[in-house]
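Chain residues, written in single-letter form:
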Amino acid sequence: MNGVHGLGGEGRGLSRRACLAASLAGPSAWLGAPSAALAGGQLEEPLMDSVRTALSSAIANQAPPEPEFFTTDARLHYVRWLAAMSDRLRRRKPEWQVRRDFLQTVWYESKRAGLDVSLVLGLIQVESGFRKFAVSSVGARGYMQVMPFWTRVIGDGDAGKLFHMQTNLRFGCVILRHYIDRERGDLFMALGRYNGSRGRPPYPNAVFGAQRSWEYVDRPAAG
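Okay, so let's go over this structure. (Residues numbered from 1 in each chain as written. Predicted model: local features only at pLDDT ≥ 70, side-chain atom pairs only at ≥ 80, totals over all residues. Heavy atoms only, no water.)

Quick notes on the overall build of the chain
Moving on, step 1. Along its length, the chain carries 9 helices and 0 strands.
Moving on, step 2. Put simply, the chain runs from its N terminus to its C terminus through helices and strands in the order α-α-α-α-α-α-α-α-α.
Moving on, step 3. Per-residue burial over the chain gives 50% buried out of 223 residues.
Moving on, step 4. Of all intrachain contacts in the chain linking residues separated by at least 6 positions in sequence, the fraction that spans at least 24 positions is 68%.
Moving on, step 5. Of the roughly 10500 Å² that the chain leaves accessible, carbon and sulfur atoms contribute 55%. (Helix = DSSP H or I, 4+ residues; strand = E, 2+ residues; numbered from the N terminus. Buried < 20%, exposed > 50% of the residue type's maximum accessible area, 1.4 Å probe, protein only. Contact = heavy atoms within 4.5 Å. Areas by Shrake-Rupley, 256 points an atom, 1.4 Å probe, with all protein chains shown as cover.)

Examining the packing of aromatic side chains
Moving on, step 1. Tallied over the entire structure, the rule returns 10 aromatic pairs.
Moving on, step 2. Centre to centre, the rings of phenylalanine 102 and phenylalanine 130 are 5.9 Å apart; their planes meet at 80°, and the pair counts as edge-to-face. Here phenylalanine 130 lies in the loop between helix 5 (117-128) and helix 6 (149-154) and phenylalanine 102 lies in helix 4 (residues 96-112), a separation of 28 residues in the sequence.
Moving on, step 3. With a relative accessible area of 0%, phenylalanine 102 lands in the buried category.
Moving on, step 4. An aromatic cluster is defined as three or more aromatic residues linked by ring pairs; in this entry it consists of Phe69, Tyr78, Trp81 and Trp107.
Moving on, step 5. Lysine 93 extends its terminal NZ or CZ atom over the ring of phenylalanine 102, reaching a point 5.1 Å from the ring centre.
Moving on, step 6. The ring of tryptophan 107 has lysine 111 sitting right over it, with the charged end atom 4.7 Å from the ring centre. (Phe/Tyr/Trp six-rings, centres within 6.5 Å; stacked < 30°, edge-to-face > 60°. Lys NZ or Arg CZ within 6 Å of the ring centre and 35° of its normal.)

See below:
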C-alpha cells in the first residue's frame, strides 16, 4: 500500500539526483522560495479504529513543550545540545528566541514520540527547509509537511492549525512514529512510507544524509 505523507506519491517521488542535491545543499537552497515546498501527491489510507483512536489520543494530549529532567547530568546534556544546535541553525533562524523555541519543541515532540531528534531535524530539513509556513503544490503544510487530511482523520479537522509550530511537529512526529511501528522499526521503509515512496531509496537517503548535520556527540566540560 502506498504511503500517504511526504514529497511524492506513487511514481511521483523526487528523483535521486534531486534528493541528493537537496541533502547536500541544505535548507539554504530552498529559502528563496517561501511559498513552495518539496512535496508531491499523497494518498490517504484507511486506518483501523484502534490505530485511529491511538493516534487521536497522541495528538490530543497537549502537554506544554517543556523538557523534564530527573538528573543534573541530563539537564546539562540538554543545555549543551541546545547550544550546539542553536549554532548550527543560526543562519536559518537568526532570532535566538525563535530558534530556542523551535529546538525545544523539536526536542520535546521527538522524545515524546520516541524518535531520534537528529532524524526529525533531518526530515524537517528535507521536507521544508525549516520554513514554518512552507506549503507544497498539493497542500502539505508546515515544518514536517503534514497533509491537511490528517487533521480530519486524527484531529479536530482544523487544517489551519498545521501552521502552529507545536501542532505541526506533534502531528509529524506522531505520524512518523506510526509508520516506524507499522514497519517494525525499519527506518528506511518508514521514511519511504512517510514520503509516499515506500521501498525506493532517494527520500530515505536524503533524510539520512541531512540527519548527519544534526547529530550530536556530547562533550562535557572537563571538571
